[in-house]
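One letter stands for each residue in the lines below.
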Protein chains: 2
Amino acid sequence: MEPGGNVATQLRRGVLEHCVLAVLARSPEYAFELVRRLSAFDGLVTSEGTIYPLLSRLSRDGLVATTWQPSEAGPPRKYYDLTVAGRRALDAFAVEWTTFTDGVDDLLQQAGNGRSRGARGGRREH
Amino acid sequence: MEPGGNVATQLRRGVLEHCVLAVLARSPEYAFELVRRLSAFDGLVTSEGTIYPLLSRLSRDGLVATTWQPSEAGPPRKYYDLTVAGRRALDAFAVEWTTFTDGVDDLLQQAGNGRSRGARGGRREH
DNA sequence: GCCAGGTACCTTGTGACGCATGGAACCGGG
DNA sequence: CCCGGTTCCATGCGTCACAAGGTACCTGGC
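Keep in mind the model is a prediction, meaning the values are calculated, not measured.

1. Focus: the interface of chain B and chain A
Facing 48 residues of chain B, the contacting portion of chain A comprises 48 residues. For the chain B and chain A pair, buried surface summed over both sides reaches about 4,600 Å², with 65% attributable to carbon and sulfur atoms. Of all residues in chain B, L11(B), F41(B) and F100(B) bury the most surface against chain A, accounting for 16% of the area lost on that side. Summed over the shared surface of chain B and chain A, the number is 0 salt bridges.

Here you go:
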């Protein structure tokens with residue numbers, strides 16, 4: 001997978017970060033398990049090389065807190081947990097995400113490629 | 001707006017390009033008008049500095065064709081029209097887009113931030 | 001005739017982020 | 001004692017949206 005080459009990679013931009021927050025909102029996880037959890041969702045298959053820098057940023061920005069815990073087999077695990085600020089960031093993203101995808105959906109539908117997401121009627125073209 | 005700084009900018013990555021294709025699928029447009037059309041949609045407000053390199057890429061890749069046309073007032077306009085390959089690219093993107101956003105929606109919903117998009121039930125977690 | 005302002009085109013440099021690659025440390029089994 | 005799985009982390013690269021800046025055309029006021 002060449003870096004930045006395909007469409008799916010671009011789609012992950014900015015989204016992956018908040019998907020991590022979404023996973024952590026359910027329960028704290030460590031990086032390796034996080035990759036597996038994300039892989040369960042279409043288009044969110046990623047690797048450690050992506051996750052670690054991402055988690056570093058989240059930690060630096062105070063959106064997640066970390067605690068070390070011993071593992072039964074292997075080196076100790078660094079668990080990441082959502083902070084209050086992280087929860088707020090996730091909430092804020094959810095709003096932006098909904099607005100954004102609604103806009104794109106409307107546009108695609110006008111072009112004849114849209115899904116019918118039920119009549120939410122949020123066209124908003126002036 | 002500092003470059004690459006906020007979330008909305010990241011969301012546009014890879015999407016904006018195909019939104020341009022979607023607009024052109026309705027009718028050929030020139031760059032200036034294109035920016036205005038996109039601005040009608042939430043989260044797709046952009047500028048010429050973004051559109052021109054983008055259109056150059058689309059043209060280089062054969063997804064759009066260009067024709068010059070005189071304007072009643074001002075310099076001549078370069079109209080961009082969708083090619084067959086462009087139409088195919090748009091179709092392919094629409095599929096990826098739907099799959100991807102469905103996945104993210106499910107994830108956000110599990111975290112308590114999701115919209116209810118009606119029961120399409122596409123969880124797909126294994 | 002000339003200059004201000006709107007229209008329309010394009011280029012260059014910057015920054016962010018996802019990814020490939022690769023390395024280090026810890027553990028259990030053969 | 002080495003080998004493979006687990007888990008952590010750092011470095012370098014490529015792509016893309018954006019800001020800033022530049023050129024050319026046309027109209028209207030003075």
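That covers the picture; the talk isn't over yet.
2. Some words on the confidence of the model for chain A
For chain A, the average pLDDT comes to 89, and 90% of its residues sit at 70 or higher. Between the elements of chain A, mean pLDDT differs from a low of 94, seen in helix 3 (residues 31-39) of chain A, to a high of 97, seen in helix 2 (residues 15-26) of chain A.

3. Let's talk about the relation of the copies chain B and chain A
Each copy of the sequence occupies a distinct position, and chain B is placed on chain A by a rotation of 180° and an axial shift of 0.0 Å, giving an RMSD of 0.1 Å. These values place the two chain copies in the arrangement generated by a two-fold rotation axis.

4. What to know about the protein's contact with DNA strand D
Near DNA strand D, the surroundings consist of 31 residues, among which Y52(A), R77(A), R12(B), R13(B) and T46(B) are the closest. Counted by atom, the contact set of DNA strand D within 4 Å of the protein is 65% sugar and phosphate. Measuring from a phosphate oxygen of DNA strand D, one finds a backbone N or O atom of G14(B) at 3.1 Å. The contact in question runs from a phosphate oxygen of DNA strand D to an N or O atom on the side chain of R57(B), over 3.0 Å. Elements represented by at least two residues in the surface near DNA strand D include exactly helix 3, helix 4 (48-60) and strand 3 (77-82) of chain A together with helix 1 (7-12) and helix 4 (48-60) of chain B. The leading source of residues in the surface near DNA strand D is helix 4 of chain B, at 4 residues. The residue inventory of the surface near DNA strand D, partitioned by class, reads 12 nonpolar, 10 polar and 9 charged.

Reading the values: rules and limits
Residues numbered from 1 in each chain as written. Chains lettered and ligands numbered in written order. Predicted model: local features only at pLDDT ≥ 70, side-chain atom pairs only at ≥ 80, totals over all residues. Heavy atoms only, no water. Contact = heavy atoms within 4.5 Å. Buried area = accessible area lost by both parts, 1.4 Å probe. Salt bridge = Lys/Arg side-chain N within 4 Å of Asp/Glu carboxyl O. pLDDT = per-residue confidence, 0-100. Helix = DSSP H or I, 4+ residues; strand = E, 2+ residues; numbered from the N terminus. Least-squares fit on C-alpha atoms with pLDDT ≥ 70 in both. Near = heavy atom within 4 Å. Polar contact = N/O pair within 3.5 Å; in protein donor to acceptor, adjacent residues only side chain to side chain. Nonpolar A, V, L, I, M, F, W, Y, C, P; charged D, E, K, R; others polar.

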